[in-house]
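# Examining the three-dimensional arrangement
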Amino acid sequence: MSRKTESYPVKTANSLWHIYRTVPFFKVVKNFIVIQIARYTPFLKVKNWLYRTFLRMRVGPETAVALMVMMDVMFPERISIGRNTIIGYNTTILAHEYLIKEYRLGDVVIGDEVMIGANTTILPGVTIGDGAVISAGTLVHRDVPAGAFVGGNPMQMIKERV
């Protein structure tokens, strides 16, 4: 299973050099401030409200996002998290990647009752199925089937169905 991203080539300097042609500066500033507040907020309902209200993320009820989780600053609205899911401490969820000759955007869809361990990085264009378990420290670089247990860098299947 591969990642589903849209590719946008650049002809001159690396794609990050063109950042404010791809996303408005004040959107990034607003998103950065909201994400930093949410990273340190110990109140889960407040944190989810911030994500839904100011970042236009889809966050299901009873979802718990731990301290220090870093949501995508440029395109958080492309992140969707299901119901009763746990996102572990210091996880990073990206919906963009800026490369030398192109930049890519992709939705991140995290299902219901997913457990994501601490210090995980989720790349753009990934879908994590309902009931999946992601081990701490995993680089999620491709889709994870529902009920699977995965881990490592590179990510590997540990068990098909939990």
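Everything here concerns the structure above.
Given the structure is predicted, the values throughout are model-derived calculations rather than measurements. (Residues numbered from 1 in each chain as written. Predicted model: local features only at pLDDT ≥ 70, side-chain atom pairs only at ≥ 80, totals over all residues. Heavy atoms only, no water.)

### Remarks on the packing of aromatic side chains
One pass over the full model with this rule turns up five aromatic pairs. On the numbers, 5.0 Å between centres and 20° between planes, the contact of Tyr 8 with Tyr 103 is stacked. Residue Tyr 8 is found in strand S1 (residues 6-9), and its partner Tyr 103 is found in strand S9 (residues 102-105); the two are separated by 95 residues along the sequence. For Tyr 8, a relative accessible area of 33% corresponds to the partly exposed category. (Phe/Tyr/Trp six-rings, centres within 6.5 Å; stacked < 30°, edge-to-face > 60°. Helix = DSSP H or I, 4+ residues; strand = E, 2+ residues; numbered from the N terminus. Buried < 20%, exposed > 50% of the residue type's maximum accessible area, 1.4 Å probe, protein only.)

### Section: the sheet that holds strand S5 (residues 79-81)
Within a sheet, neighbouring strands are paired by backbone hydrogen bonds and run either parallel or antiparallel to one another. Spatial ordering of the open sheet is given by S2-S5-S10-S13, a layout of four strands whose pairing is parallel. A strand with exactly one partner marks an edge of an open sheet, and here the two such strands are strand S2 (58-59) and strand S13 (127-128). Two strands pair when backbone bridges link them, and S2 and S5 are joined in this way by two bridges, in the parallel orientation. Within S5, the position partnered with Arg 58 by the bridge is Ser 80. (Pairing = 2+ DSSP bridges.)

### Points about the sheet that holds S1
Taking strand neighbours across the sheet as the criterion, the three strands line up as S1-S9-S8 in an open arrangement whose pairing is antiparallel. Of all the strands in the sheet, the pair left with one neighbour each is S1 and strand S8 (96-98). Neighbour-to-neighbour, the strand axes of this sheet turn through a mean angle of 15°, independent of strand direction. (Axes fitted to C-alpha atoms, helices over the stretch in contact; angles between N-to-C directions.)

### Some thoughts on the pattern of salt bridges
According to the stated counting rule, one finds nine salt bridges in the structure shown. Lys 27 is the partner of Glu 77 in a salt bridge, and the nearest nitrogen-oxygen pair spans 2.9 Å. Here Lys 27 lies in helix H2 (residues 25-40) and Glu 77 lies in the loop between strand S4 (70-71) and S5, a separation of 50 residues in the sequence. Judged by its relative accessible area of 16%, Glu 77 is buried. Asp 107 is paired through a salt bridge with Arg 78; the nearest N and O atoms lie 2.7 Å apart. Here Arg 78 lies in the loop between S4 and S5 and Asp 107 lies in the loop between S9 and strand S10 (108-110), a separation of 29 residues in the sequence. Its relative accessible area of 38% is what places Asp 107 among the partly exposed residues. What makes Arg 78 buried here is its relative accessible area of 15%. (Salt bridge = Lys/Arg side-chain N within 4 Å of Asp/Glu carboxyl O.)

### Some points on unusual backbone geometry
The omega angle of the peptide bond from Asn 153 to Pro 154 is 5°, so this bond is cis rather than trans. Residue position: Pro 154 is located in the loop between strand S16 (149-151) and strand S17 (156-159). The phi torsion at Asn 84 lies on the positive side, around 55°, for a residue other than glycine. Relative accessible area serves as the criterion here: at 35%, Asn 84 is assigned to the partly exposed category. Despite not being glycine, Asn 90 shows a phi value in the positive range, around 60°. Here Asn 90 lies in the loop between strand S6 (86-87) and strand S7 (92-93). Residue Asn 90 is classed as partly exposed on the basis of its relative accessible area of 30%.

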